[in-house]
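Read off the chains here:
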Amino acid sequence: MNESIIHSGLDGTDLRLLDLLQQDASLSNQALAERAHISPATCLRRVKRLVESGIIERRVALLSPAKVGAGLSAIVEITLDRQGAEHLQAFEQAVVGDAAVQQCWRVSPGPDFVLVVQTSDMPAYNALVQRLFTQQANVRNVKSFFSLQRVKFDPRLALPTRG
């Protein structure tokens with residue numbers, strides 16, 4: 001069993017609630033309680049504790065990129081010229097502030113960062129390249145991979161089962 005799960009004090013009911021919420025966070029408290037086989041009051045108390053502890057970071061709606069005009073997906077590797085803490089932080093601040101950047105990961109080894117980017121089309125992607133990478137004097141290399149087809153997208157985390 002995952003050590004962090006053990007130390008977080010999660011029991012089988014908590015894990016069941018987390019799994020149900022990962023599948024559909026729009027469930028009412030009543031429906032969630034029924035599916036988790038607990039009372040609504042217990043359900044409300046436990047979910048509140050999971051939110052307050054930071055285990056549940058936030059609840060969001062997942063949108064269809066193509067249906068909202070954001071059909072171009074790219075995974076972008078970025079290598080900086082200088083990797084000092086202030087340079088890494090400056091780059092992070094620039095990309096985190098851009099709405100087209102969905103995810104930013106500092107990685108090792110290889111490039112310094114991997115980004116997941118969603119734009120409407122190639123001209124919008126080129127504009128993003130200009131504002132985030134070309135104008136940044138510290139960006140040495142950009143390598144972009146464009147999605148031809150989304151085969152799987154599932155933000156759920158695999159949770160252990162408690163018996």
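What comes next is a walk through the structure. Keep in mind the model is a prediction, meaning the values are calculated, not measured.

For the rest of this paragraph, the subject is the overall build of the protein. On a plain count of helices and strands, the protein comes out with six helices and four strands. Secondary structure elements of the protein occur, N-terminal to C-terminal, as α-α-α-α-β-α-β-β-α-β. Taking 2.2 N^0.38 as the reference for a compact globule, 163 residues should give roughly 15 Å; the C-alpha atoms of the protein span a radius of gyration of 20 Å, well beyond that estimate. Considering only C-alpha atoms, the protein reaches an extent of 55 × 40 × 25 Å along its principal axes. Taking all 163 residues of the protein together, the buried fraction comes to 29%. When contacts within the protein are restricted to residue pairs at least 6 apart in sequence, those whose partners lie at least 24 apart make up 65%. In the form shown here, the protein has an accessible surface area of approximately 10800 Å², with 52% of it arising from carbon and sulfur atoms. In the protein, 18 side chains carry a positive charge and 16 a negative one; their mean positions are 4 Å apart.

We now examine the environment of R35. Inspection of the secondary structure assignment puts R35 in helix α3 (residues 29–36). Sequence spacing of R35 and R16 is 19 residues, and the spatial spacing of their C-alpha atoms is 8.9 Å. If we skip the residues at most four places from it in the chain, R35 touches L20 and L27.

A few words on a nonpolar patch on the surface. On the surface, a nonpolar cluster with roughly 320 Å² of combined accessible area is contributed by V60, L62 and F153. Note that V60 resides in the loop between α4 (40–52) and β1 (72–80).

The next point concerns the side chain of D14. Of note, D14 is situated in helix α2 (residues 12–23). For D14, a relative accessible area of 1% gives the class buried. Side-chain polar atoms of D14 contact the side chain of R46, separated by 2.9 Å. Sequence-distant contacts of D14, defined by excluding residues within four places in its chain, comprise G9, R46, R49 and L50.

Further remarks concern α4. Across its 13 residues, α4 extends 18 Å between first and last C-alpha, which sits within 8% of the 18 Å expected from 1.5 Å per residue. Within the sequence span of α4, burial applies to C43, R46, V47 and L50. On an axial view of α4, the arc spanned by its buried residues comes to 100 degrees, and they lie on one face. Away from its buried face, by an angle of more than 90 degrees, α4 presents the exposed residues A41, L44, R45, K48 and E52. Those residues of α4 that are buried are in contact with α2 and α3. Directly after α4, the chain includes G54, whose backbone phi takes a positive value near 85 degrees.

The rules behind the values
- Residues numbered from 1 in each chain as written.
- Predicted model: local features only at pLDDT ≥ 70, side-chain atom pairs only at ≥ 80, totals over all residues.
- Heavy atoms only, no water.
- Helix = DSSP H or I, 4+ residues; strand = E, 2+ residues; numbered from the N terminus.
- Rg over C-alpha atoms; globule rule 2.2 N^0.38 Å.
- Buried < 20%, exposed > 50% of the residue type's maximum accessible area, 1.4 Å probe, protein only.
- Contact = heavy atoms within 4.5 Å.
- Areas by Shrake-Rupley, 256 points an atom, 1.4 Å probe, with all protein chains shown as cover.
- Lys, Arg positive; Asp, Glu negative; His and termini not counted.
- Charge placed at Lys NZ, Arg CZ, Asp CG, Glu CD.
- Patch = residues over 30% accessible without salt bridge, like charges linked within 9 Å, V, L, I, M, F, W, Y side chains within 5 Å.
- Salt bridge = Lys/Arg side-chain N within 4 Å of Asp/Glu carboxyl O.
- Polar contact = N/O pair within 3.5 Å; in protein donor to acceptor, adjacent residues only side chain to side chain.
- Expected span 1.5 Å × (residues − 1).
- Arc of directions from axis to C-beta.

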